[in-house]
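Take a look at the letters that make up each chain.
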Amino acid sequence: MINQDKLLNWFLKNQRKLPFRENKDPYKIWISEVMLQQTRVAAMLPSYEKFILRFPNITSLAESTEEEVIQYWKGLGYYSRAINLRKGAVYLKENFNSKFPDSLEDALSVPGVGPYTARAVLSIAYNKEFAVLDGNVKRVLARYFLFKENISIPSSHKALQELADTFLNSKNPGDHNQAMMELGAMVCLQAPLCMLCPIQKGCLAFEKGKQTELPIMGKEKTKLPIELKFFFLEKDERILVVKYKHRRFFKTIFTLPFLIEGSKLPVIYEDNSEFGKYLKEKEPDVDWLKTGKHSITHHDIELQQARFLLDNKNLQTLEKILSSKVPSLEIERKWIRKEDLKLEFASSIAGKLFATESQRKIARELSFTSKLRVRNEWL
Ligand code: SF4
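Since this is a predicted model, take the numbers as computed values, not measurements. (Residues numbered from 1 in each chain as written. Predicted model: local features only at pLDDT ≥ 70, side-chain atom pairs only at ≥ 80, totals over all residues. Heavy atoms only, no water.)

A.B. asks: Before we go on, may I ask you to explain the domain arrangement of the chain in this structure?
C.D. replies: By a widely used convention, the size of an interface equals the accessible area lost when the partners come together. With domains assigned, the chain is organised as domain 1 (2-207) and domain 2 (224-370). Taking only C-alpha atoms, the centre of domain 1 and the centre of domain 2 are 37 Å apart. Contact with domain 1, which involves nine residues of that partner, is made by 10 residues of domain 2. A per-residue breakdown of the area domain 1 buries against domain 2 is headed by Q71, K74 and Y79, which together make up 52% of the total. Between K243 and E67 there is a salt bridge, and its shortest N-O distance comes to 3.6 Å. Where domain 1 meets domain 2, there are three residue pairs in polar contact (both at pLDDT 80 or more). Of all elements in the fold, only α5 (66-72) and α6 (79-95) reach the threshold of two or more residues within the side of domain 1 that touches domain 2. Considering every element that reaches the side of domain 1 that touches domain 2, the biggest residue donor is α5, with four residues. (Domains from an automatic or database assignment. Contact = heavy atoms within 4.5 Å. Buried area = accessible area lost by both parts, 1.4 Å probe. Salt bridge = Lys/Arg side-chain N within 4 Å of Asp/Glu carboxyl O. Polar contact = N/O pair within 3.5 Å; in protein donor to acceptor, adjacent residues only side chain to side chain. Helix = DSSP H or I, 4+ residues; strand = E, 2+ residues; numbered from the N terminus.)

Following this line, the structure appears as C-alpha cells:
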C-alpha cells in the first residue's frame, strides 16, 4: 500500500469529529479555514458554532451588517478577515447565486479569498486536485522529504508546494489535504509521535533520526513592547467610542480613544491628528491605572486606562475636532452606555478595561460613602 493510501486510511479512522467536516458544505469550509488561519481548532470551535448558527449560509452573511459580523467574530481578532468574509458573501450573492464557485479562477475572484483558502475549499468541498500548504502540512512535508531549507522564506514555499503537489492523492485530494493537516496537528507535532505515524515507513527524517531537527524555521521576530492608553471620555453617563481608520490598531471596529506609547515606537505609530493632540494634552491631567497585559502577533502590550469627565468647554472642543472634515482623519464616533462597552468594542481588551473601570467606580463610591460617614459622625 502506498503511503498516501495509508495516510488516508489513518485519517478516515482517526479524524476528529468537527462540525465543518460533516457535509462538505463549501460555505462552512470557507468560514472554518479563515478562522483557522489565526487560531487552533479547539479555540475557534465555540466562535465557529455561534457564527454558523447566526449566519448559516452565504445569503444570511451577505444580508447582515458589518457591525453584526464583527460582533460574532469577537475573540478571534484580525477583524478585517470578518469584514472581508462578509464582502465575499455579498459578492457571491450578487455574482454566483449565493454559491461558492468550483473553479480556481472564480474562487480567487471572491474578495478576501487567497490561493490557500481557494485551494482548501475547492479540494475539500469539490474534491478538486489542489494540494494545500498550511503550517502543519509544511512541517510534515519538511520531515517526510528531509527538506533542509528554512521553511519560512518565500523560496521554500514554492519548493514545498511542489512537494505537496507530488505527494497529493489525486483520487481523493480533499481528504488527503485534511489528512495532512490532521497528521500535523495530532501526530507530527513539534515533538513528533513517530510511533503512531501511518507514513513512518518512507519518512526520510525518521529514517535518518532527524525528525526533531526539522523543520528549519526563521528566527521568531521579537515583539515590540508598547503601551496602549485608553480614555473613558465621559459626558452625561455616556462614553465616547470611535472608529479611526488612520490608526495602527482597531481600524475596523469601534474602540475607546487611545494613545500609543513606547520607548522603541516607530514614527508610523504616532497620531499627529488634532484628535491625537487633544488626547495627548489630556494625558498628564488624568489618573492612569494599569489594566493588564495583552499579547498579539507582533506586539507585547501594556494596557492602561483613565477616566476624564468632559465639561462643556472640553466637550465643545472635542466635538469641533471630531466634526472637522479633514479627509485623512475619518473618525466615526458614538456615545454609548459604559455597560455596552464590551458589545461595542469588539475585542477581548474591552472586557479587561470594563472590569478595571467597574472596580474603580466601586472604590470611588466606597471612598465617597466613608467620607460621608465620617462627616455625619462628626456632626
Ligand atoms: Fe512526522 Fe515522524 Fe511521521 Fe515522519 S515519521 S512524518 S517525523 S510523525
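A.B. asks: What should I look at first to understand helix α3 (residues 41-54) in this one?
C.D. replies: Two residues of an α-helix separated by three or four positions point the same way, owing to the 3.6 residues in each turn. With 14 residues, α3 extends 20 Å from end C-alpha to end C-alpha; this agrees with the ideal 20 Å at 1.5 Å per step. S47 marks the point of greatest bend in α3, at about 30 degrees. Burial in α3 covers these residues: V41, M44, S47, Y48, F51 and I52. Elements that come into contact with the buried residues of α3 comprise α2 (26-36), α4 (58-62) and α5. (Expected span 1.5 Å × (residues − 1). Bend = angle between axes of the 7 residues up to and from the residue. Buried < 20%, exposed > 50% of the residue type's maximum accessible area, 1.4 Å probe, protein only.)

A.B. asks: Sorry, what's going on with the side chain of N169 here?
C.D. replies: Within the secondary structure layout, N169 lies in the loop between α10 (154-167) and α11 (173-186). Accessibility expressed as a relative area gives 6% for N169, which makes it buried.

A.B. asks: What's the story with the site of the ligand in this structure? I'm lost.
C.D. replies: The immediate surroundings of the ligand are formed by R143, C188, C194, C197, Q200, C203, F206 and Q211. The class makeup of the residues in the shell around the ligand is five nonpolar, two polar and one charged. (Near = heavy atom within 4 Å. Nonpolar A, V, L, I, M, F, W, Y, C, P; charged D, E, K, R; others polar.)

A.B. asks: Just checking my understanding: could you explain the environment of F230 for this structure?
C.D. replies: Residue position: F230 is located in strand β1 (residues 224-235). Sequence separation between F230 and S109 is 121 residues; the distance between their C-alpha atoms is 39 Å.

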